[in-house]
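Single-letter residue listing:
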Amino acid sequence: MKKEYLVLDKVEGALIELSKVHAVGYGEIVQVENNLGEKKLGRVIKIDGDKVVVQVFGSTLGHSVENTKVSFEGRPFEIPLSKDILGRTFNGVGMPIDNGGDIYADKFYNVNGRPINPVSREYPRDYIQTGISSIDGLITLIRGQKLPIFSGSGLPHNELAAQIVRQAKIKVKGEERDNFSIVFAAIGVKHDEAFFFKEAFKKAGVQNKVVMYINYADDPIMERIIAPRAALTAAEYLAFEENQHVLVIMTDITSYGEALREVSSLREEVPSRRGYPGYLYSDLASLYERAGMLKDREGSVTLIPILTMPNDDITHPIPDLTGYITEGQIVLSRELHQKNIYPPINVLPSLSRLMKDGIGEGYTREDHPDVSNQLFSAYSKVQEVRALAQIVGEDDLSDKDKKYMKFGESFEENFVTQSYVENRDIENTLELSWKTLSLLSQEELDRLKPALIEKYMK
């Protein structure tokens, strides 16, 4: 039931304070209107007895305690959803911005979603082929997984995300499925970044399978907090009501964290690490844990959040807490980027914790687990040899160490490096793995079974 209040205590920044307010809920949506008829959305962000604080989605310029009316809608933030959202572009609060008209739906969905009962969750098994060797071969993405990309300012994480969207294919029990769609959430991005993604999807011909939620850097800060939730709500609808396999890509979670910190500061909450609110962990978990599969539904939600680490610091609160919640990470390296290696994925600190259950015979190929372990082991040895070469010089290395140096160069230049438009299937990736490993002597291949060496080594 809608309730209207004409008396306000304070209008400051994007916040409105009211008193003598009863029977409203946290997160409830409000309509804010001034005497000129200008309307804005807002949300209840604090309740203290009969006092309420409302965060307005936008500027309160032109609003004052004398000329503003606040209407409480009696409902949480909801968006209309139907299958017509595919191929459409929305802003951070789910309103169309592509001149395609409104979405008409029989039902509105709460953007906060509902937690998945752990008993109802299906364990992730089938892999998603991204066409990128370093991911498919060594950090395999599994359907229903949450696997973030840890990047840094200036690194090509946007290009990598666009390439994954363009090339991703899902295989369930070894069979490729066409009920595959993508939800893309851009959080606090510049206009040229959003244009890059739109053009990339259009050129790849996948725009009809993509739903975009874009929050620009100059949009209201509160939209930045709603945008990923609106995107995940759309993903859940497509997955669990339309039986789609949905890949959700979000960039940039760091912008989301900064927005959370700013709103927390406006609320005058006690700050925690580096000024972020103490509930940052649980708030991030409320996003990430919406990925997954249900036992009684065909669809799935797979999540790839992208976050830029300030000063490339992996111990920063956002990547640090993200690592505790998600099932691994893909780490981009500035050092590899400076060598003109694309994608600059540093495979050693990267991992996919669910990979072991979605590769091998019946999923990818029988040799995949052993080849992956051998590549990790050999490349780890390369780092030791390179450190030694800096001390004694490359000419004084043993013959075995020189082979490892050659292997490391080939691994980075041929296996990790691939073109932005190059799409390698899993067979090509595994063949390339064997070709790279052939640079080492057989006694060094201690993670591979002799039968596999005999069958695949050429």
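Keep in mind that this is a model prediction, so the values were computed, not measured.

A.B. asks: Now, about the overall build of the protein chain: what can you tell me, with residues and values included?
C.D. replies: The helix and strand inventory of the protein chain stands at 12 helices and 22 strands. The C-alpha radius of gyration computed for the protein chain amounts to 25 Å, which stays within 12% of the reference 23 Å derived for 458 residues, consistent with globular compactness. Taken over the C-alpha atoms alone, the protein chain extends approximately 85 × 50 × 40 Å along its principal axes. Going through the 458 residues of the protein chain one by one, you find that 56% of them count as buried. Taking as baseline every contact in the protein chain between residues at least 6 positions apart, the subset at least 24 positions apart corresponds to 73%. On the protein chain, roughly 20300 Å² of surface is accessible, and the fraction owed to carbon and sulfur atoms is 48%. In the protein chain, 55 side chains carry a positive charge and 68 a negative one; their mean positions are 2 Å apart.

A.B. asks: Outline the UniProt feature "domain: ATP synthase A/B type C-terminal" (unreviewed entry) in the protein chain, listing residues and values.
C.D. replies: Under the local residue numbering, the UniProt record ascribes the feature "domain: ATP synthase A/B type C-terminal" (unreviewed entry) to residues 357-456. In residues 357-456, helix accounts for 62% and strand for 0%; the two terminal C-alpha atoms are 22 Å from one another.

A.B. asks: Can you break down the UniProt feature "domain: ATPase F1/V1/A1 complex alpha/beta subunit N-terminal" (unreviewed entry) in the protein chain residue by residue, with the values?
C.D. replies: Here the UniProt-annotated "domain: ATPase F1/V1/A1 complex alpha/beta subunit N-terminal" (unreviewed entry) positions come out as residues 11-73. Between the end C-alpha atoms of residues 11-73 there is a gap of 20 Å, over a span that is 0% helix and 56% strand.

A.B. asks: Account for the packing of helix 9 (residues 368-392) against helix 11 (residues 426-437), naming residues and giving values.
C.D. replies: Two measures define how a pair of helices packs: the angle their axes make with one another and the distance between the axes. Taken N-terminus to C-terminus, the directions of helix 9 and helix 11 make an angle of 45°; their axes are 11 Å apart at the nearest point. One element, helix 9, and the other, helix 11, form an angle in the oblique class. Two packed elements cross with a definite hand, and for helix 9 against helix 11 that hand is left-handed. Facing helix 9, whose interface residues are H368, V371, Q374 and L375, helix 11 presents I426, L430, S433, W434 and L437.

A.B. asks: Run through the pattern of salt bridges, naming residues and quoting values.
C.D. replies: Between side chains of opposite charge, pairing is possible as soon as their charged atoms come close. A complete count under the given rule lists 26 salt bridges for this structure. Between E427 and R365 there is a salt bridge, and its shortest N-O distance comes to 2.8 Å. Of this pair, E427 sits in helix 11 while R365 is found in the loop between strand 22 (351-352) and helix 9, placing the two residues 62 residues apart along the sequence. Of the residues examined, R365 reaches a relative accessible area of 10% and is grouped as buried.

A.B. asks: Could you give me a rundown of the pairing of strand 3 (residues 15-18), with the residues and numbers involved?
C.D. replies: With three bridges connecting them, strand 2 (residues 10-12) and strand 3 associate as antiparallel partners. In the sheet register, K10 faces strand 3, and the bridge partner there is E17. Count of turn residues in the strand 2/strand 3 antiparallel hairpin: two residues, of which G13 carries a positive phi of about 60°. In this sheet, strand 6 (residues 51-56) lies alongside strand 3 in antiparallel orientation, the contact comprising four bridges. Across the sheet, residue I16 finds its bridge partner in strand 6, namely V54.

A.B. asks: Mind laying out unusual backbone geometry, listing which residues take part and the relevant values?
C.D. replies: The peptide bond linking T251 to D252 adopts the cis configuration, its omega dihedral lying at 15°. Cis geometry is found at the peptide bond from Y342 to P343, where omega equals -10°. Tracing the backbone through its elements, the reader meets P343 in the loop between helix 8 (334-338) and strand 22. Phi is positive for R274, close to 50°, though the residue is something other than glycine. Considering the arrangement of structural elements, one finds R274 in the loop between helix 5 (253-266) and helix 6 (280-288). According to the relative accessible area criterion, R274 is partly exposed, its value standing at 48%. Even without glycine at this site, D312 takes up a positive phi of about 55°. Assignment of secondary structure puts D312 in the loop between strand 20 (300-308) and helix 7 (317-325).

A.B. asks: Give a description of the layout of surface pockets that names residues and reports values.
C.D. replies: A probe matching the size of a water molecule, rolled over the atoms, marks out where space remains unfilled. In this structure, the largest pocket encloses a volume near 470 Å³. Around the largest pocket, the lining comprises 16 residues; the ones closest to its centre are G113, R114, E236, F240 and E241. Elements supplying a minimum of two residues to the lining of the largest pocket: strand 10 (108-110) and helix 4 (221-240). Considered class by class, the residues forming the lining of the largest pocket number six nonpolar, five polar and five charged.

A.B. asks: Go over the nonpolar core, please, and point to the residues and values.
C.D. replies: One finds I164, L247, I249, I345, F407 and F411 to be the most contacted residues of the largest nonpolar core, which totals 65 residues. Top element by residues in this core is helix 9. It accounts for seven residues. If we ignore the near neighbours within four places in the chain, the residues touching L247 are L141, I164, A168, F180, S181, I182, V183, T302 and I304. In this structure, I187, M222, V263 and V331 belong to the second largest nonpolar core, which totals 58 residues.

A.B. asks: Describe the packing of aromatic side chains, listing the residues and the values that go with them.
C.D. replies: Scanning the model with the defined rule gives 12 aromatic pairs in all. Ring geometry for F184 against F197: centres 4.3 Å apart, planes inclined by 45°, an arrangement best described as tilted. Taken together, the positions of F184 in strand 16 (residues 180-189) and F197 in helix 3 (residues 191-204) put the pair 13 residues apart, joining distant regions of the chain. Grouping residues by exposure puts F184 and F197 together as buried. Ring plane angle 70° and centroid distance 5.4 Å describe the contact between F196 and F197, whose orientation is recorded as edge-to-face. Exposure remark for F196: the relative accessible area of 27% places this residue in the partly exposed category. Residue classification places F197 among the buried residues on the basis of a relative accessible area of 1%. An aromatic cluster of at least three residues, connected via ring pairs, comprises F184, F196, F197 and F201. The ring of Y420 is capped by R166, whose NZ or CZ atom sits 4.6 Å from the centre of that ring.

A.B. asks: Could you give me a rundown of the packing of helix 5 against helix 6, with the residues and numbers involved?
C.D. replies: Across the interface, helix 5 lies against helix 6 with an axial gap of 12 Å and an inter-helix angle of 135°. As the angle between them shows, helix 5 and helix 6 are arranged oblique. The two elements helix 5 and helix 6 cross, and the hand of that crossing is right-handed. Where helix 5 approaches helix 6, its residues I253, Y256 and L260 are matched on the opposing element by L280, D283, L284, L287 and Y288.

Rules and cut-offs
Residues numbered from 1 in each chain as written. Predicted model: local features only at pLDDT ≥ 70, side-chain atom pairs only at ≥ 80, totals over all residues. Heavy atoms only, no water. Helix = DSSP H or I, 4+ residues; strand = E, 2+ residues; numbered from the N terminus. Rg over C-alpha atoms; globule rule 2.2 N^0.38 Å. Buried < 20%, exposed > 50% of the residue type's maximum accessible area, 1.4 Å probe, protein only. Contact = heavy atoms within 4.5 Å. Areas by Shrake-Rupley, 256 points an atom, 1.4 Å probe, with all protein chains shown as cover. Lys, Arg positive; Asp, Glu negative; His and termini not counted. Charge placed at Lys NZ, Arg CZ, Asp CG, Glu CD. UniProt positions renumbered as here; feature names shortened; annotations may be inferred. Axes fitted to C-alpha atoms, helices over the stretch in contact; angles between N-to-C directions. Parallel < 35°, antiparallel > 145°, perpendicular 65-115°, else oblique. Left-handed = near helix turned anticlockwise from the far one by under 90°. Salt bridge = Lys/Arg side-chain N within 4 Å of Asp/Glu carboxyl O. Pairing = 2+ DSSP bridges. 1 Å grid on protein atoms, 1.4 Å probe; cavity = no way out; pocket = protein on both sides within 12 Å on 5 of 7 lines; lining within 4 Å. Points joined across faces, edges and corners; volume = space filled by probe spheres on them. Nonpolar A, V, L, I, M, F, W, Y, C, P; charged D, E, K, R; others polar. Core = buried A, V, L, I, M, F, W, Y, C linked by side-chain atoms within 4.5 Å. Phe/Tyr/Trp six-rings, centres within 6.5 Å; stacked < 30°, edge-to-face > 60°. Lys NZ or Arg CZ within 6 Å of the ring centre and 35° of its normal.

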